[in-house]
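Fold and contact review
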Amino acid sequence: LYPMELLFHRGRLSIAGVNKKGIIIILTLEKSLQFSVTAEKFNRKKYEVAYHAYMKKLYGISAPINDKIYNIKIEFTESYGNSFKNFFWHESQRWEQLANGNYMLHFHCSIGRELIGFLALGLSKVKVHSPVILKNILIKKLQESIDVYKTNKPLDEEIANKGL
């Protein structure tokens, strides 16, 4: 891994870099991660444009579901929006207060696990307006959560990660 940047995200430290094929990889630094430092040199500038373009499209640091960038519109209740609108979520974010007092968050980025988790946290205080794919993934993941509780299903990592 050719290191590009240390990231401090949601209280965790990660290292972002590119492999020899130019694929961007983000690894969270935790006790189980093992690596060795070598004296191998690389031309960082060769990867910077692609690296920054990739990072710019992400919501957070989780891998996207595909290579597409979406125009995302999420409505927040007024009080929930007030508690979130002063934070940085993505560089393209734009908040708009609606006539009913609620807020609409507009941004332009990829869809990944972090975005789905952020929306699920809001429960019925957030509503995805677009894109439809984001709305459908959120509905599917919330339904899977309901099924776990209703049927007392055991938690399954593979099923939980499916579709993200």
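As a starting point, this report considers the structure included with it. Because the structure is a prediction, the values reported are computed rather than measured. (Residues numbered from 1 in each chain as written. Predicted model: local features only at pLDDT ≥ 70, side-chain atom pairs only at ≥ 80, totals over all residues. Heavy atoms only, no water.)

1. Some remarks on the sheet that holds strand β6 (residues 103-109)
Pairing within the open sheet is antiparallel, and its four strands lie in the order β5-β6-β4-β7. Taken across any chain shown, the strands that pair with only one partner, and hence form the sheet edges, are β5 (94-97) and β7 (126-130). Here the average twist between neighbouring strands, direction ignored, is 25°. Sheet analysis places strand β4 (residues 70-76) next to β7, joined by four bridges and oriented antiparallel. Bridge pairing links Lys-73 to Ser-130 in β7. Running at roughly 15° to β4, helix α3 (residues 113-122) makes contact with β4, β6 and β7 of the sheet. The strands that helix α4 (residues 132-150) touches are β4 and β7; relative to β7, the one it contacts most, it runs at about 140°. (Pairing = 2+ DSSP bridges. Helix = DSSP H or I, 4+ residues; strand = E, 2+ residues; numbered from the N terminus. Axes fitted to C-alpha atoms, helices over the stretch in contact; angles between N-to-C directions. Contact = heavy atoms within 4.5 Å.)

2. Considerations on a nonpolar patch on the surface
The grouping of Leu-6, Phe-8, Leu-13, Leu-29, Phe-35 and Val-37 at the surface amounts to a nonpolar patch, some 690 Å² of accessible area in total. Relative to the assigned elements, Phe-8 resides in strand β1 (residues 2-9). The exposure class assigned to Phe-8 is exposed, which follows from its relative accessible area of 66%. (Patch = residues over 30% accessible without salt bridge, like charges linked within 9 Å, V, L, I, M, F, W, Y side chains within 5 Å. Areas by Shrake-Rupley, 256 points an atom, 1.4 Å probe, with all protein chains shown as cover. Salt bridge = Lys/Arg side-chain N within 4 Å of Asp/Glu carboxyl O. Buried < 20%, exposed > 50% of the residue type's maximum accessible area, 1.4 Å probe, protein only.)

3. Section: α3
Every buried residue belonging to α3 is among Glu-114, Leu-115, Ile-116, Phe-118, Leu-119 and Gly-122, and all of these are buried. Check the buried side of α3 and you find it contacts β1, β4, α2 (78-84), β6, β7 and α4. Phi turns positive, to about 45°, at Leu-123, one or two residues after α3.

4. Quick notes on the pattern of salt bridges
Under the criterion given, the structure shown has eight salt bridges. We note a salt bridge from Glu-144 to Lys-141, for which the minimum N-O separation is 3.1 Å. Remark: Lys-141 and Glu-144 occur in helix α4; sequence separation between them is three residues, near one turn of the helix. Exposure remark for Glu-144: the relative accessible area of 22% places this residue in the partly exposed category. Look at Lys-141 and you get buried, because its relative accessible area is 10%. A single salt-bridge network, built from bridges that share partners, covers Lys-140, Lys-141 and Glu-144.

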